Amino acid sequence: MNSNRTFTMLKPDSIEQGNMLPILNMIESSGFKIIALKYKRMSRDEAEKFYSIHSDKPFFNDLVSFMTRGPIVAAALEKDNAVEAFRTLIGSTDPNDAEEGTIRKKFAKSKGENAVHGSDSDENAEIEISFHFNTDEIFS
Ligand code: DAT
Ligand code: MG
């Protein structure tokens, strides 16, 4: 059975370019309920842990520097089949490949600075939600 929760971050580029509310609006108007929300800047240590699966990739250092250069918005989202539905809404990792009408097509400038994060599995969604939120910060 598919879980009904996923996790997202609006990345520093989205905040810098003034796209926080337009992106949150797209998320809500696509039928996702925001059940947890936080505006924060990640420490280097947190970003390295969050992206530890990519630690051996050539882009890892740039990724961590980018994700810590300014604040992010972290959110837990609820919808039927949330992980897949949200990946569809955000579009491909590289905005040049992203479909029309997706968040990355609209707001992302490059593969490295691509506006939003979306969990890639139900298991990772739960891990990522609990990475950023305590249970008493989630309003389901
Ligand atoms: P996604 O964010 O679509 O799940 P991912 O998990 O493969 O993509 O990679 C995590 C992030 O790392 C991605 O959002 C941007 C960055 N990244 C991935 N591949 C990259 C590449 N080839 N060059 C630069 N940054 C990259
Ligand atoms: Mg990923």
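Residues numbered from 1 in each chain as written. Chains lettered and ligands numbered in written order. Predicted model: local features only at pLDDT ≥ 70, side-chain atom pairs only at ≥ 80, totals over all residues. Heavy atoms only, no water.

Looking at this structure, how should I read the sheet that holds strand β1 (residues 5-10)?
Strand pairing within a sheet occurs via backbone hydrogen bonds; the two strands may be parallel or antiparallel. As summarised here, the arrangement of the four strands in space is β2-β3-β1-β4, forming an open sheet in which the pairing is antiparallel. The sheet is open, and its two edges are formed by β2 (33-40) and β4 (116-118), each paired on a single side. Recorded for the sheet is a direction-independent mean angle of 15 degrees between the axes of neighbouring strands. As paired elements, β1 and strand β3 (residues 72-78) share six bridges and run antiparallel to each other. The residue of β3 that forms the bridge with Thr6 is Leu77. Strands β1, β2, β3 and β4 of the sheet are contacted by helix α2 (residues 20-29), whose axis makes an angle of about 165 degrees with β1. (Pairing = 2+ DSSP bridges. Helix = DSSP H or I, 4+ residues; strand = E, 2+ residues; numbered from the N terminus. Axes fitted to C-alpha atoms, helices over the stretch in contact; angles between N-to-C directions. Contact = heavy atoms within 4.5 Å.)

Teacher, can you tell me more about the packing of aromatic side chains here?
Under the defined criterion, the tally for this structure stands at four aromatic pairs. Centroid distance Phe50 to Phe131: 5.5 Å. Interplanar angle 75 degrees. Geometry classified as edge-to-face. Residue Phe50 is found in helix α3 (residues 44-50), and its partner Phe131 is found in helix α7 (residues 122-132); the two are separated by 81 residues along the sequence. Overall, Phe50 belongs to the buried group, its relative accessible area being 10%. Residue classification places Phe131 among the partly exposed residues on the basis of a relative accessible area of 31%. Ring-pair connections join several aromatic residues into one group, and the members of that group are Phe7, Phe50, Tyr51 and Phe131. When the ring centre of Phe32 is taken as origin, the NZ or CZ atom of Lys79, which lies over that ring, is 4.9 Å away. (Phe/Tyr/Trp six-rings, centres within 6.5 Å; stacked < 30°, edge-to-face > 60°. Buried < 20%, exposed > 50% of the residue type's maximum accessible area, 1.4 Å probe, protein only. Lys NZ or Arg CZ within 6 Å of the ring centre and 35° of its normal.)

Can you help me understand α2 in this one?
An α-helical segment advances 3.6 residues per turn. Residues three or four places apart therefore align on the same side. Buried residues of α2: Ile23, Leu24, Met26 and Ile27, and no others. For α2, the arc enclosing every buried residue in end-on projection is 155 degrees, short of the 170-degree limit, so these residues lie on one face. Exposed residues on α2 whose side chains face more than 90 degrees from its buried face are Leu21 and Ser29. (Arc of directions from axis to C-beta.)

Would you mind showing me how to read the environment of Arg69 here?
Checked against the element boundaries, Arg69 lands in the loop between α4 (60-67) and β3. Counting along the chain gives 25 residues from Arg69 to Arg44, while the straight-line C-alpha distance between them is 9.4 Å. Among residues more than four places away in sequence, those in contact with Arg69 are Pro12, Asp13, Glu16, Arg41 and Glu113.

Teacher, can you tell me more about the pairing of β1 here?
Within a regular beta strand, the side chains point alternately toward one face of the sheet and then the other, so they alternate between its two faces. The buried fraction of β1 amounts to six of the six residues, a majority that puts the element mostly inside the structure. A two-sided burial pattern is seen for β1, the buried positions comprising Arg5, Phe7 and Met9 on one face and Thr6, Thr8 and Leu10 on the other. Across three bridges, the pairing between β1 and β4 is antiparallel. Looking at β4, one finds that Leu10 is bridged to Val116.

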